[in-house]
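Understanding the architecture of this molecule
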Amino acid sequence: MQKITPCLWFDGKAEEAANFYCSIFKNSRITKILRTGEAGPGPIGSVLLVNFQLEGQDFQALNGGPQFKFTEAISLMVNCETQAEVDNYWEKLTANGGEESMCGWLKDRYGLSWQIVPTALGKLMSDPDPEKSQRVMQAMLGMKKLDVAALQRAHEGP
């Protein structure tokens, strides 16, 4: 059992969101759905909590009500080996009401923030040559979805 499990707060869309996320990531599944009983909260039989896994990582989705919304203060980071993987996650997570942001960040249709990051970015930005790493940083700051080839060109320089 995983020691720390993120719990995501939704307003009545926990099961829908968990199914959406599981449809995007491999090695993902719903593991348990807890429904409301006579003690509440909510109508008897309504979904209260959904346990699910994304890429083997445990999460919970709670139908907690309208009191709290997601903010950019927390995000889920997805490490991507290829541009095709970046493109795939970007397209799926921004579909049907998601929003692009800057520097590889986006919000999905439920308002949850994600960072879709090519693993090459960390390598390029940690180059011991400060001119190279600064060019990569400048290139990244001008992007929404990160472009591995453009980041590599920035690293190589003029």
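In what follows, the structure referred to is the one given above.
Reading guide: rules and limits
- Residues numbered from 1 in each chain as written.
- Predicted model: local features only at pLDDT ≥ 70, side-chain atom pairs only at ≥ 80, totals over all residues.
- Heavy atoms only, no water.
- Buried < 20%, exposed > 50% of the residue type's maximum accessible area, 1.4 Å probe, protein only.
- Helix = DSSP H or I, 4+ residues; strand = E, 2+ residues; numbered from the N terminus.
- Pairing = 2+ DSSP bridges.
- Expected span 1.5 Å × (residues − 1).
- Arc of directions from axis to C-beta.

In this section: the pairing of strand 8 (residues 113-118). Burial analysis of strand 8 places six of its six residues in the buried class, the great majority of the element. Looking at chain direction, strand 5 (residues 75-80) and strand 8 are connected through six bridges and run parallel. Note that in strand 8 the partner of Ser75 across the bridge is Ser113. With three bridges joining them, strand 7 (residues 105-107) and strand 8 adopt antiparallel strand pairing. Bridge pairing in strand 8 links Lys107 to Ser113.

On to helix 2 (residues 83-94), then. Its twelve residues give helix 2 an end-to-end C-alpha distance of 16 Å, which sits within 8% of 16 Å, the value for a rise of 1.5 Å per residue. Among the residues of helix 2, those classed as buried are Val86, Tyr89, Trp90, Leu93 and Thr94. The arc that holds every buried residue of helix 2, seen down its axis, measures 110°, which confines them to one face. Residues of helix 2 that are exposed and point more than 90 degrees away from the buried face comprise Ala84 and Glu91. Just downstream of helix 2, Asn96 is the residue with a positive phi angle, here 55°.

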